[in-house]
Every structure is written in structure tokens, then in C-alpha cells.
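What follows is each chain in one-letter form.
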Amino acid sequence: GTPVELGCEAEGRPPPLLSWFRGVTVLREEPVSTALRLFLPGVEPDHAGTYSCVAENRHGRHNRSLQLHVAYAPRSPILNGSLWVVAGDP
């Protein structure tokens, strides 16, 4: 549930198109920019994976990738009617 912000910066002439991908899915694009942020407001285990930032213009394409791992606190146990408590020594 913690927010995460990923950043990407690139320079070029002409200025590049910056894009964030997760796998082959485009998450965000910004033409003619030197920086592009990707904000994930509440990270969950299914957000884990490979994220790539791609900068491209007519002269070429360059990319960097990162692997996002999501750790989370163990969930509270669920107690049901089959739990018995016995008084006395443990």
C-alpha cells in the first residue's frame, strides 16, 4: 500500500520521447521531455515486475529496466469457530 515513484531522465537532439513500460504495456509517455516520473500510488504484490524507461528520437533508442519487488507484512490470522482454548499450563 506504500506509494512508489520511479524516475527517468534523458537528453537528446532532438529531445526524446520518454516512455515507461511494464512488459510490453505502455504506462506513460511524454514527448519532448527530459524527465518522466511514474507514480504508483498504492503498491500491491501484483505490481511486482520489470519496469522499463525508453528514450527515443530519430537517431536511436536507449532503455533502462528495473525489477520491482514488493514485500508486505504478514496478514493477521483469521480465527473461526473451531479454535479451542484450554486453561492451565501451556
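Each remark here, short or long, concerns the structure printed above.
Note that this is a predicted model, so its numbers are computed, not measured.

Caption draft 1: Spatial organisation of the overall build of the protein chain. Secondary structure summary: the protein chain contains zero helices and six strands in total. In the protein chain, buried positions account for 22% of the 90 residues. With the model as given, the accessible surface of the protein chain reaches about 7100 Å², and the carbon-plus-sulfur share is 54%.

Caption draft 2: Spotlight on the pairing of strand E5 (residues 49-57). Of the pairings in the sheet, the one linking strand E2 (residues 17-22) to E5 comprises six bridges and is antiparallel in character. Bridge pairing in E5 places Leu18 opposite Ala55. Sheet topology note: the E5/strand E6 (residues 60-68) ladder contains nine bridges and is antiparallel. From the neighbouring strand, Gly49 faces E6, where its bridge partner is Leu68. Hairpin connection of E5 to E6: two residues between the antiparallel strands.

Caption draft 3: Representation of the state of the cysteines within the structure. One pass over the full model with this rule turns up one disulfide. Two residues share a disulfide in this structure: Cys8 and Cys53, whose sulfurs sit 1.8 Å from each other. The sign of the S-S torsion, about -75 degrees, decides the handedness of the disulfide formed by Cys8 and Cys53: left-handed. Highlighted residues: Cys8 in strand E1 (residues 4-9) and Cys53 in strand E5, separated in sequence by 45 residues. Judged by its relative accessible area of 11%, Cys8 is buried.

Caption draft 4: Geometry of the sheet that holds strand E3 (residues 25-30). Ordered in space as E3-E2-E5-E6, the four strands form an open sheet in which the pairing is antiparallel. At either margin of the open sheet sits one strand with a lone partner, and together these are E3 and E6. For this sheet, the mean angle separating the axes of adjacent strands, direction not counted, is 20 degrees.

Caption draft 5: Molecular detail of the nonpolar core. Counting residues in hydrophobic clusters, the biggest one holds 13 residues, and the most contacted among them are Leu6, Cys8, Leu18, Trp20, Leu38, Leu40 and Tyr51. Listed by contribution, the elements that provide at least two residues to this core are E1, E2, strand E4 (35-40) and E5.

Rules used throughout
- Residue positions are counted from 1 within each chain, in the order its sequence is given.
- Since the coordinates come from a predicted model, pLDDT governs what is reported: local features require at least 70, and pairs of side-chain atoms require 80 or more to be given and counted, while whole-chain, interface and lining totals use all residues.
- Hydrogens and waters are ignored; side-chain quantities use all the structure's heavy atoms.
- Numbering of helices and strands runs from the N terminus; a helix is a DSSP stretch of H or I covering at least four residues, while a strand is a stretch of E covering at least two.
- When accessible area is computed with a 1.4 Å probe and restricted to protein chains, residues below 20% of their type maximum are described as buried, those above 50% as exposed, and intermediate ones as partly exposed.
- Note on areas: Shrake-Rupley with a 1.4 Å probe; residue coverage comes only from the protein chains shown.
- Only when DSSP finds a minimum of two bridges between them are two strands counted as paired.
- Defined by distance alone, a disulfide is two cysteine sulfur atoms within 2.5 Å.
- For helices, the fitted axis covers only the stretch in contact; all axes are lines through C-alpha atoms, and the angles between them, taken along N-to-C directions, range from 0 to 180 degrees.
- To form a nonpolar core, buried Ala, Val, Leu, Ile, Met, Phe, Trp, Tyr and Cys residues must be joined to one another through side-chain atoms within 4.5 Å.

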